[in-house]
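An overview of the molecular structure
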Number of protein chains: 2
Amino acid sequence: MVTECDQVLVRATDEIKLLSDICEIIVKIGGYKFVWVGLTPEHNTGTVRPVAQAGYEHAYLDDVDIHVPGQDKEPVSQAIVTRKPQIIRRLDNHPVRAPWLIEAVKRGYNAMISLPLNEDGSIYGTLNIYSVESGVFDAEEVKLLTELSEDLAYGIVSLHTRAHGRKAAEDLQDSYKKLHMIFEQTVNALASAVGKRDPYTTDHQRRVTALASAIAQELGLNDEQVNGIRLAGMLHDIGKLAVPSEILSKPTRLSEAEFTIIKTHPRVASDILKAIEFPWPISEIVLQHHERIDGSGYPQGLLKNDILLETRILSVADVVEAISSHRPYRPAYSIEYTLEEISKNKGIIYDIEAVDACLRLFKGKDFRFE
Amino acid sequence: MVTECDQVLVRATDEIKLLSDICEIIVKIGGYKFVWVGLTPEHNTGTVRPVAQAGYEHAYLDDVDIHVPGQDKEPVSQAIVTRKPQIIRRLDNHPVRAPWLIEAVKRGYNAMISLPLNEDGSIYGTLNIYSVESGVFDAEEVKLLTELSEDLAYGIVSLHTRAHGRKAAEDLQDSYKKLHMIFEQTVNALASAVGKRDPYTTDHQRRVTALASAIAQELGLNDEQVNGIRLAGMLHDIGKLAVPSEILSKPTRLSEAEFTIIKTHPRVASDILKAIEFPWPISEIVLQHHERIDGSGYPQGLLKNDILLETRILSVADVVEAISSHRPYRPAYSIEYTLEEISKNKGIIYDIEAVDACLRLFKGKDFRFE
């Protein structure tokens, strides 16, 4: 019986199922008449709540309410209060006249044992076993049953610990999701801050992000890389918040001095972003987004192999969005004209693969800016 | 023996300790000569690695290398390959002449059983038991030992599952910490973005944050509330990025028209921030930070009870920092003059408790701006 119980304990995943299985085994293999497990309310007061049982019960637990602390030497409450097994070898000639006893005798229970279940020094319930034979529960039997109740208590504590662990992991998962949401929202707020003076830039960043992410996917980059490009796209023009509005919205071509100021924006953005330890080289991608593969770009005049793949993708998306949008100094060009422009410069100032992927998106896969 | 093993299994927390305890029990209570557990390399190839043992071994495992797949009907490798217990009831008259057999007989092992350990259908090791008596391991004994090996395998799988759960929880904890770090860095980047045109504002936000957090702590607010005030302080003036630089840095008093533009900054900041679902009312606190308890503030002219406690604290810190700092249109005032100013207006335009806490910090607790 103890072996069967231990095998159930080793495999237990659910507390009430475990307690029920143990009650079943004790009745079926141990040959006892009735077995139940009661859990005690907190602080050792109140009613003992039966949670599992097996054997001949005939509404015993409905007829008998057991409270802690108990009266009339009631053994279940005494096991909880004294923290020791309570054994009654003969119920029929017991001096006390109380419902717990009268109802037990009525049902043919002639001996009983109530074993406390201990969790870290506090009793949280009892295992209660009733026998038809009086005079049983000798020292040897009590020793075995005490071991069994200790194994059961240990098994239940393990289940509790595991359940708490799972709960903690779930809570952490929820916290992570919430934090991730407010992180994304904060990145968005940073992306939109520049739009408070220059609304075009916010829309531009959003559309460039959509196209750059699509090009990255078209080129077979993995989700992590696409995610990095997405964040870089969202933030690539935030440096424009350091450029005076009158330059950003000037309706005529910029002077050389004004263009010099405009050209500071990748560096300004990269300075803001480099303080964030993103798992992608966001500040580097953003710093390079006006570099061109022939070295004609700014601020560093890098050549193709020194420009990050992410940047080469972002640059194509940036240029396509800019050419095809209305600007203060000119109307929007058609998407056909725009694609013609990047095709002409493919392999000269724009990355060949990024341009080809972009053309496939617009021509074969119906990509459109929202 | 099986009962003792199961009790160890119920309480197991460490795999190697569990395997060693099981080997000990089998030798001590089962009375076998030598017991060991070998774990198999992945994909059923390579050397079987002994990880636990008990009983008389005399370097048997050093003298015998066991590989999978094995040769000469070697039972350990066969148990792994066939996934079935391998029993040899007489080693002494076994037809094969191989080291695993010769060395076993030398040590007085006369019978053996090798039981596969199964994890989700794949064999990851064997439990190997040697007896001095030949002819043992009858059907009944094999049944018991098979049950034991199944319990052991189940127990080990549980330990693995729990270890994986713990590892996953630790990894998630690490991810959470990293994400929290980049979230804080992104909030900082948002706070510092305004400083790209107006460096004073970034320093101002930082110093106001330090004082507002200190006032909140002085007032006994809990860590969560202090954290909300800290974030609101970091971001309260980001709306100034929509105010032209020439107004922000104007060396003379502002015209009414210019002041009207300045007064948009709480609303601009709150518009940027309300898209972030912070666990604190950050955008509300920021929107209100120029409200005054007599209703003389802006943008809404709120009265005391309509102004958030966090805002009433932030406002005092904001004013104290502003008065005591150098501004383009006037030099800095001394901290004595500044504290005199807020004392005079205590309960009139500034919250009484926030002012009192601020005075205690500067006068009694040596608070100083960095």
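The following paragraphs examine the structure supplied in this document. From a predicted model like this one, the values you see are computed outputs, not experimental measurements. (Residues numbered from 1 in each chain as written. Chains lettered and ligands numbered in written order. Predicted model: local features only at pLDDT ≥ 70, side-chain atom pairs only at ≥ 80, totals over all residues. Heavy atoms only, no water.)

Our focus in this paragraph is the overall build of chain A. Along chain A, the regular secondary structure elements total 15 helices and 7 strands. Here chain A has a C-alpha radius of gyration of 38 Å; the compact-globule value for 370 residues is 21 Å, and the former is much larger. Counting every position in chain A, which comprises 370 residues, the buried fraction comes to 52%. Accessible surface computed for chain A: about 16,900 Å², of which carbon and sulfur atoms make up 51%. Of the side-chain charges in chain A, 41 are positive and 54 negative, and the distance between the mean point of each set is 5 Å. (Helix = DSSP H or I, 4+ residues; strand = E, 2+ residues; numbered from the N terminus. Rg over C-alpha atoms; globule rule 2.2 N^0.38 Å. Buried < 20%, exposed > 50% of the residue type's maximum accessible area, 1.4 Å probe, protein only. Areas by Shrake-Rupley, 256 points an atom, 1.4 Å probe, with all protein chains shown as cover. Lys, Arg positive; Asp, Glu negative; His and termini not counted. Charge placed at Lys NZ, Arg CZ, Asp CG, Glu CD.)

Between chain B and chain A, the contact holds 42 residues from the first and 42 residues from the second. Both sides together, the interface formed by chain B and chain A hides about 4,100 Å², and carbon and sulfur atoms give 69% of it. There are 2 salt bridges connecting chain B and chain A. Where A:Asp151 meets B:Arg11, a salt bridge forms, and the shortest distance between an N and an O atom there is 2.7 Å. Connecting chain B to chain A are 8 residue pairs in polar contact (both at pLDDT 80 or more). Mapped onto the side of chain B that touches chain A, the elements with two or more residues apiece are α1 (2–11), α6 (139–193) and α11 (265–273) of chain B. At 23 residues, the largest contribution of residues to the side of chain B that touches chain A is made by α6(B). In terms of residue class, the side of chain B that touches chain A is made up of 23 nonpolar, 9 polar and 10 charged. (Contact = heavy atoms within 4.5 Å. Buried area = accessible area lost by both parts, 1.4 Å probe. Salt bridge = Lys/Arg side-chain N within 4 Å of Asp/Glu carboxyl O. Polar contact = N/O pair within 3.5 Å; in protein donor to acceptor, adjacent residues only side chain to side chain. Nonpolar A, V, L, I, M, F, W, Y, C, P; charged D, E, K, R; others polar.)

Another point: the sheet that holds strand β6 (residues 111–119) of chain A. All names here are of chain A. Ordered by their spatial adjacency, 5 strands build an open sheet running β3-β1-β7-β6-β5, and the pairing between neighbours is antiparallel. Lying at the two open borders of the sheet, with one neighbouring strand each, are β3 (49–55) and β5 (86–88). Sheet twist, expressed as the mean angle between neighbouring strand axes with direction ignored, is 15°. With 9 bridges joining them, β6 and strand β7 (residues 122–131) adopt antiparallel strand pairing. Residue pairing across strands places leucine 117 opposite glycine 125, the latter belonging to β7. Lying on the sheet, helix α2 (residues 15–28) is in contact with β1 (34–39), β3 and β7; it crosses β3 at an angle near 35°. (Pairing = 2+ DSSP bridges. Axes fitted to C-alpha atoms, helices over the stretch in contact; angles between N-to-C directions.)

All names here are of chain B. If you trace the 5 strands from one edge of the open sheet to the other, you get β3-β1-β7-β6-β5, paired in antiparallel fashion. Each having just a single partner strand, β3 (49–55) and β5 (86–88) make up the two edges of the open sheet. Averaged over all pairs of adjacent strands, the angle between their axes in this sheet comes to 15°, without regard to strand direction. Pairing of strand β1 (residues 34–39) with β3 involves 6 bridges; the strand directions are antiparallel. Bridged to valine 35 within β3 is alanine 54. Against the sheet, helix α2 (residues 15–28) touches β1, β3 and β7 (122–131), its axis set at about 35° to β3.

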